[in-house]
Amino acid sequence: MSVFLFLFIIMPIAEMAVLIKVGGMIGVLNTVGLVLLTAVIGAWLLRQQGLATLLRANQRLNSGELPAKEVAEGLILAVGGALLLTPGFITDTVGFLCLIPGTRHWLAAQALKRMVVAGQSRSQSFYFRAGGGSNPFGQDPFGGRENPFGGQRPFDRDSNGDIIEGEFEDETESDRDRIEKK
């Protein structure tokens, strides 16, 4: 509840107070112009940084790697872009911090420490904890009381209901490997 209180009550009041204070100091038209200028600069930065992140993610996918860092950075860029399009100087400041590569990389690293990826590809299951540490779902990704998917464990049971645990290594040839052999 406190996050919603901050986002929907306290933040708009703080934004209005700052806008009124700045408007009193530099004038209303200059304040509106400055807010519009930050939106234009933010959109330009978002496009530039977003394309660079997308290219890095594509390169990692082509090399067979999981682009976890790029996905986290993409989410941070989306949040930063939304904040820059929201009128106000406080949201613009936070939005610009999300678009600056140094702070974005730090925020992505913090997010990756908490990121959990679990899934299934054909007959193979995987569980990946990006930052190490304890599992946020309890003992395993799909069990325990805090499981958002209920009590079932969809990715680690065979047809008999037995639990299969182990490590997975993909040994399939990529297109690049097949081309290099020719």
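No experiment lies behind these values; they were computed from the predicted model shown.

## Re the overall build of the protein
No. 1: A count of helical and extended segments in the protein gives 6 helices and 2 strands.
No. 2: Its helices and strands taken in sequence order, the protein reads α-α-α-α-α-β-β-α from the N to the C terminus.
No. 3: Each of the 182 residues in the protein was classed as buried or not, and the buried ones make up 24%.
No. 4: When contacts within the protein are restricted to residue pairs at least 6 apart in sequence, long-range pairs at least 24 apart make up 44% of them.
No. 5: Split by element, the accessible area of the protein, about 13000 Å² in all, is 64% carbon and sulfur.

## Brief notes about helix 1 (residues 2–26)
No. 1: The first and last C-alpha atoms of helix 1 sit 34 Å apart over 25 residues, in line with the 36 Å expected at 1.5 Å per residue.
No. 2: Maximum bend of helix 1: about 35°, positioned at I10, with proline P12 one to four residues after it.
No. 3: Where helix 1 is concerned, the buried positions are M11, E15 and G23.
No. 4: Against helix 2 (28–62) and helix 4 (89–99) lie the buried residues of helix 1.
No. 5: Phi for G27, located one or two positions after helix 1, is positive at around 100°.

## Overview of the confidence of the model for the protein
No. 1: Taken residue by residue, the protein gives an average pLDDT of 77. The fraction at 70 or more is 67%.
No. 2: Of all helices and strands in the protein, the one with the weakest mean pLDDT is strand 2 (residues 124–129) (56), whereas helix 4 scores best (93).
No. 3: Low pLDDT, under 50, characterises residues 132–153; the stretch is placed with 29 contacts to residues that sit more than four places away or in other chains.

## Observations concerning the nonpolar core
No. 1: In terms of nonpolar packing, the biggest core is built from 6 residues, these being A68, A72, I76, C98, A108 and L112.
No. 2: Sorting the residues of this core by element identifies helix 3 (68–85) and helix 5 (101–114) as the ones contributing at least two each.
No. 3: Tallying contributions element by element places helix 3 first for this core, with 3 residues.

## What about the pattern of salt bridges?
No. 1: The full count for this structure, using the stated rule, is 5 salt bridges.
No. 2: The salt bridge partner of E73 is R56, with a shortest N-O separation of 2.6 Å. Of the two residues, E73 is situated in helix 3 and R56 in helix 2; the sequence distance between them amounts to 17 residues.
No. 3: The exposure class of E73 is buried, given its relative accessible area of 0%.
No. 4: Between E70 and R60 there is a salt bridge, and its shortest N-O distance comes to 3.6 Å. Linking E70 in helix 3 with R60 in helix 2, this pair joins segments that are 10 residues apart in sequence.
No. 5: Several salt bridges converge on common partners, so that one network encompasses R56, R60, E65, E70, E73 and R104.

Procedures and definitions
Residues numbered from 1 in each chain as written. Predicted model: local features only at pLDDT ≥ 70, side-chain atom pairs only at ≥ 80, totals over all residues. Heavy atoms only, no water. Helix = DSSP H or I, 4+ residues; strand = E, 2+ residues; numbered from the N terminus. Buried < 20%, exposed > 50% of the residue type's maximum accessible area, 1.4 Å probe, protein only. Contact = heavy atoms within 4.5 Å. Areas by Shrake-Rupley, 256 points an atom, 1.4 Å probe, with all protein chains shown as cover. Expected span 1.5 Å × (residues − 1). Bend = angle between axes of the 7 residues up to and from the residue. pLDDT = per-residue confidence, 0-100. Core = buried A, V, L, I, M, F, W, Y, C linked by side-chain atoms within 4.5 Å. Salt bridge = Lys/Arg side-chain N within 4 Å of Asp/Glu carboxyl O.

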